[in-house]
Amino acid sequence: METPKLSLYNTLTRAKELFEPINPPHVGMYVCGPTVYGDPHLGHARPAITFDLLFRYLRAEGYKVRYVRNITDVGHLEHDADEGEDKIEKKARLEQLEPMEIAHYYTERYRHAMESLNVLSPSIEPHASGHIIEQIEFVKKIIDAGFAYESNGSIYFDVEKYNKEYHYGRLSGRNLDDIVTNTRSLDGQDDKRHSYDFALWKKASPEHIMRWPSPWSDGFPGWHMECSAMSTKYLGERFDIHGGGMDLMFPHHECEIAQSTAALKHDSARYWVHNNMITINGQKMGKSLGNFITLEELFTGTHKLLAQAYSPMTIRFFILQAHYRSTLDFSNEALQAAEKGLDRLMKGIEALGKVKPADRSTVDVADLAARCEAAMADDLNSPMVISALFDWVRHFNSLAEGQQTITAEDLATLRATVNRWAFDILGLRDEKQAQTAGGDMLTPLVNMLLDMRMEAKVAKNWALSDHIRDELTKIGIRVKDRKDGYDWEIE
Ligand code: ZN
């Protein structure tokens, strides 16, 4: 069977386009990563899983992908990204730590959560603070091209001038007039000529900790600058895919395009890919709304909105069951349905493992591969891949029970197809199998401790019950409370 070519929705052109890399078989992909000042949450899981899916799929199709996902550890300010206190510095001030301690701690937390979700590590994970020189050089290029101005030690991008030559707003479908009326003016913006201009370099105030020397002032780069500088450094002036969450489209990605175009005189990324947002019970997620759920809370069931704990694979499966460009609503009902669906799929795959070959096939094994390939090639339609796998679970079960038969050759093909799609590309992991891999002694021991914890709970001995859970967490065993007992897994 011939592999269908990937058609990918390009936000820039608002159309599905045939994916053709600039320099095949190499693919350069840049995705905006987290600002590391808080625990990873649901909002981090969706872009990570979406671009992990694309990364895995391209690799499975034989491309050599250089996947760059940055860590923002400097320059992301509180208001409109370039006004107010640095998010990491603020957290450091509140916790009485060095800003780099905050960045390091939350980078580790993020990586750990991504591992739980079976998100592959990118090829390069550059930090903004490690690329100050490259950012200063990039700012110089924009100044030399005439699209930036200095004001009181800070450098701002001249949006109006840029817009005369190029279209500022073409990614998000805006024009400068809309942006003018929608930009709120803040105090302390006197340095800018226009409220829609954005900082490329900011002069540091005396109390600002993270600062570097530059030709203009001791200061720090504007938030958008790191992505232009680091994508160019690692992927070149032209690269294939730029990704991120839809919330980054404006202003962040719009500003990235303006910076790169001003400095390089041409577009840098060919395909812009954006995943849609996650809502919770129909509402936007936000700290002030009380529905802000961290991944740790999801995995342990410790948020008031959660009826139970949900395993990392349940979260991954739930996200993959929606197309990446659709909004996705989290609710206990939907997550419980995903948990059941994943369980059914894993049991089906287990049944396939027990099938004995016969001398003829009553199933057409090419059907599953063809359906999965066609779905994925159509703008990464993971829900259709899952639905093809579900349809086949029926066959796996009837093959295992001997109601249908399969030849040895077909059986090998079918198992390879399932491995490719369920594990390699969708990136699912059999969590139950991972548990038993921990050894024969471990399971009865952990169960004994958790039974003791149940007894402690019945006796309302919360200190002991928390102590058992915390000690297990420390050695990498994640306990998930259920209404009728408990579940656990090895992280
Ligand atoms: Zn970015």
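Every chain's residues receive numbers from 1 upward, in the order its sequence appears when written. Only residues with pLDDT of 70 or above have their local features reported here, since the model is predicted, and side-chain atom pairs are shown and tallied only from 80 upward, although totals for entire chains, interfaces and linings are computed over all residues. Processing note: side-chain calculations cover all non-hydrogen atoms of the structure and skip hydrogens and water entirely.

## Observations concerning the overall build of the chain
Part 1: Secondary structure elements follow DSSP: runs of H or I of four or more residues count as helices, runs of E of two or more count as strands, with numbering from the N terminus. Helix and strand counts for the chain come out as 17 helices and 17 strands.
Part 2: In terms of C-alpha radius of gyration, the chain reaches 25 Å, essentially the compact-globule figure of 23 Å for 491 residues.
Part 3: In terms of overall dimensions, the chain has C-alpha extents of about 75 × 60 × 35 Å along its principal axes.
Part 4: Residue exposure (1.4 Å probe, protein chains only): buried if accessible area is under 20% of the type maximum, exposed if over 50%, otherwise partly exposed. Taking all 491 residues of the chain together, 53% fall into the buried category.
Part 5: The criterion used for residue contact is that any of the two residues' heavy atoms lie within 4.5 Å. Looking at the chain alone, contacts between residues at least 24 apart form 74% of all its contacts between residues at least 6 apart.
Part 6: Under the convention used here, a 1.4 Å probe and the Shrake-Rupley method define accessible areas, while residue burial counts only the protein chains that appear. Entry remark: accessible area of the chain is about 21,900 Å², with carbon and sulfur atoms responsible for 50%.
Part 7: Asp and Glu count as negative and Lys and Arg as positive, but His and the ends of the chain are not part of the count. Each charge is placed at NZ for Lys, CZ for Arg, CG for Asp and CD for Glu. Charged side chains of the chain number 57 positive and 73 negative; the gap between the two group centres comes to 2 Å. All radius of gyration figures rest on C-alpha atoms, and the globule criterion is 2.2 Å times the number of residues raised to 0.38.

## A short note on the nonpolar core
Part 1: Throughout, nonpolar core names a set of buried Ala, Val, Leu, Ile, Met, Phe, Trp, Tyr and Cys residues whose side chains join them through atoms within 4.5 Å. Ile241, Leu298 and Phe330 are the most contacted members of the largest nonpolar core, which has 80 residues in total.
Part 2: Per-element accounting of this core gives the leading share, 10 residues, to helix α1 (residues 42-60).
Part 3: Taken domain by domain, this core gets at least three of its residues from each of domain 1 (11-275) and domain 2 (280-433).
Part 4: Contacts of phenylalanine 330, omitting those with residues within four sequence positions, involve Leu42, Ile278, Thr279, Ile280, Asn281, Leu298, Ile315, Phe318 and Leu335.
Part 5: Counting residues in hydrophobic clusters, the runner-up holds 41 residues, among them Leu200, Trp216, Ala258 and Ala263. Domain boundaries shown here were taken from an automatic or database domain assignment.

## Concerning the domain arrangement of the chain
Part 1: According to the domain assignment, the chain contains domain 1 (11-275), domain 2 (280-433) and domain 3 (438-490).
Part 2: Centre-to-centre separation of domain 1 and domain 2, based on C-alpha positions: 33 Å.
Part 3: Contacts between the two partners involve 28 residues from domain 1, matched on the other side by 39 residues from domain 2.
Part 4: Accessible area that two parts lose when put together, with a 1.4 Å probe and added across both, is what the buried area reports. In total, about 2,600 Å² of surface goes out of reach between domain 1 and domain 2, with carbon and sulfur atoms giving 65% of it.
Part 5: Interface area lost by domain 1 to domain 2 is led by Leu42, Arg46 and Leu53, which between them contribute 27%.
Part 6: Only one rule defines a salt bridge in this text: a Lys or Arg side-chain nitrogen within 4 Å of an Asp or Glu carboxyl oxygen. Joining domain 1 to domain 2, the criterion identifies three salt bridges.

## So, the coordination of the zinc ion
Part 1: Listed as protein donors to the zinc ion are Cys32 (SG), Cys227 (SG) and His252 (NE2); their distances from the metal cover 2.0 to 2.1 Å.
Part 2: For Na, K and Ca the donor cutoff is 3.2 Å, while for all other metals N, O and S atoms must lie within 2.8 Å; water is not among the atoms, so some sites may look incomplete. Here the donor residues of the zinc ion are spaced in sequence according to C-x194-C-x24-H. Taken as a pair, cysteine 227 in helix α7 (residues 225-235) and histidine 252 in helix α8 (residues 249-264) lie far apart in primary sequence, 25 residues in all. With respect to burial, cysteine 227 and histidine 252 carry one shared label: buried.

## Points about the packing of aromatic side chains
Part 1: In this scheme Phe, Tyr and Trp rings, the latter by its six-membered ring, pair at centre separations within 6.5 Å, and the angle between planes marks the pair as stacked below 30 degrees, edge-to-face above 60, and tilted otherwise. Tallied over the full model, the rule gives 16 aromatic pairs.
Part 2: Between phenylalanine 55 and tyrosine 67 the ring centres are 4.9 Å apart and the planes differ by 65 degrees, which places this aromatic pair in the edge-to-face class. Of this pair, phenylalanine 55 sits in helix α1 while tyrosine 67 is found in strand β4 (residues 64-69), placing the two residues 12 residues apart along the sequence. Just as phenylalanine 55 is buried, tyrosine 67 falls in that class too.
Part 3: With a centroid separation of 6.3 Å and 40 degrees between ring planes, the pair formed by tyrosine 57 and tryptophan 421 is classed as tilted.

## Comments concerning the sheet that holds strand β12 (residues 269-275)
Part 1: Here, strands pair whenever DSSP counts at least two bridges between them. Sheet architecture is open: four strands sit in the order β4-β3-β11-β12, paired in parallel fashion. Looking along the sheet, the strands with just one partner apiece sit at the ends: β4 and β12. On average, adjacent strands in this sheet sit at an angle of 20 degrees to one another, irrespective of strand direction. Note on geometry: axes are lines fitted to C-alpha atoms, helical ones only across the stretch in contact, with angles between N-to-C directions running from 0 to 180 degrees.

## Section: the sheet that holds strand β15 (residues 328-330)
Strands pair in a sheet through their backbones, by hydrogen bonds, and they do so in one of two ways: parallel or antiparallel.
Part 1: The strand order β14-β13-β15 describes an open sheet built from three strands, whose pairing is mixed. The open sheet has two edge strands with one neighbour each: β14 (283-284) and β15.
Part 2: With three bridges joining them, strand β13 (residues 278-280) and β15 adopt parallel strand pairing. The partner of isoleucine 278 across the bridge, within β15, is leucine 328.
Part 3: Each of β13 and β15 is contacted by helix α10 (residues 312-320), which is oriented at about 145 degrees to β15, the strand it contacts most.

## Quick notes on the packing of helix α2 (residues 87-95) against helix α3 (residues 99-116)
Part 1: At their nearest, the axes of α2 and α3 sit 8 Å apart, and the two run at 105 degrees to each other. As summarised for this structure, α2 and α3 are arranged roughly perpendicular, according to the angle between their axes. Contacts between α2 and α3 pair Ile88, Glu89, Lys91, Ala92 and Glu95 from the former with Pro99, Ile102, Ala103 and Tyr106 from the latter. Each angle receives one of four descriptions, namely roughly parallel if under 35 degrees, roughly antiparallel if over 145, roughly perpendicular if within 65 to 115, and oblique otherwise.

## Some details on the pairing of β12
Part 1: Among the seven residues that make up β12, six are buried, leaving the element largely enclosed by the rest of the structure.
Part 2: Orienting the strands away from the viewer, one traces the path from the first strand over the helix to the second; a clockwise path indicates a right-handed crossover. The β-α-β motif built from strand β11 (residues 239-245), the intervening α8 and the parallel element β12 has right-handed crossover chirality.

## Overview of the state of the cysteines
Part 1: The definition used for a disulfide is geometric: two cysteine sulfur atoms within 2.5 Å. Considering all chains together, one arrives at zero disulfides under this definition.
Part 2: Here cysteine 255 is not cross-linked by a disulfide; its sulfur's nearest cysteine counterpart is in cysteine 227, at 11 Å.
Part 3: A relative accessible area of 1% means that cysteine 255 is categorised as buried.

## Structural notes on the pairing of strand β7 (residues 148-151)
Part 1: As paired elements, β7 and strand β8 (residues 154-157) share four bridges and run antiparallel to each other. Along β8, the bridge assignment pairs tyrosine 149 with tyrosine 156.
Part 2: In sequence, β7 turns back onto β8 through a hairpin of two residues, with asparagine 152 there showing a positive phi of about 55 degrees.

## Observations regarding the environment of cysteine 32
Part 1: Mapped onto the elements of the fold, cysteine 32 is located in the loop between β3 (26-31) and α1.
Part 2: On the basis of relative accessible area, cysteine 32 is assigned to the buried category, the value being 10%.
Part 3: Separated by 199 residues in sequence, cysteine 32 and serine 231 have C-alpha atoms that sit 10.0 Å apart.
Part 4: Residues within four places of cysteine 32 in sequence aside, it is in contact with Asn70, Cys227, His242, Gly243, Leu248, His252, His253 and Glu256.

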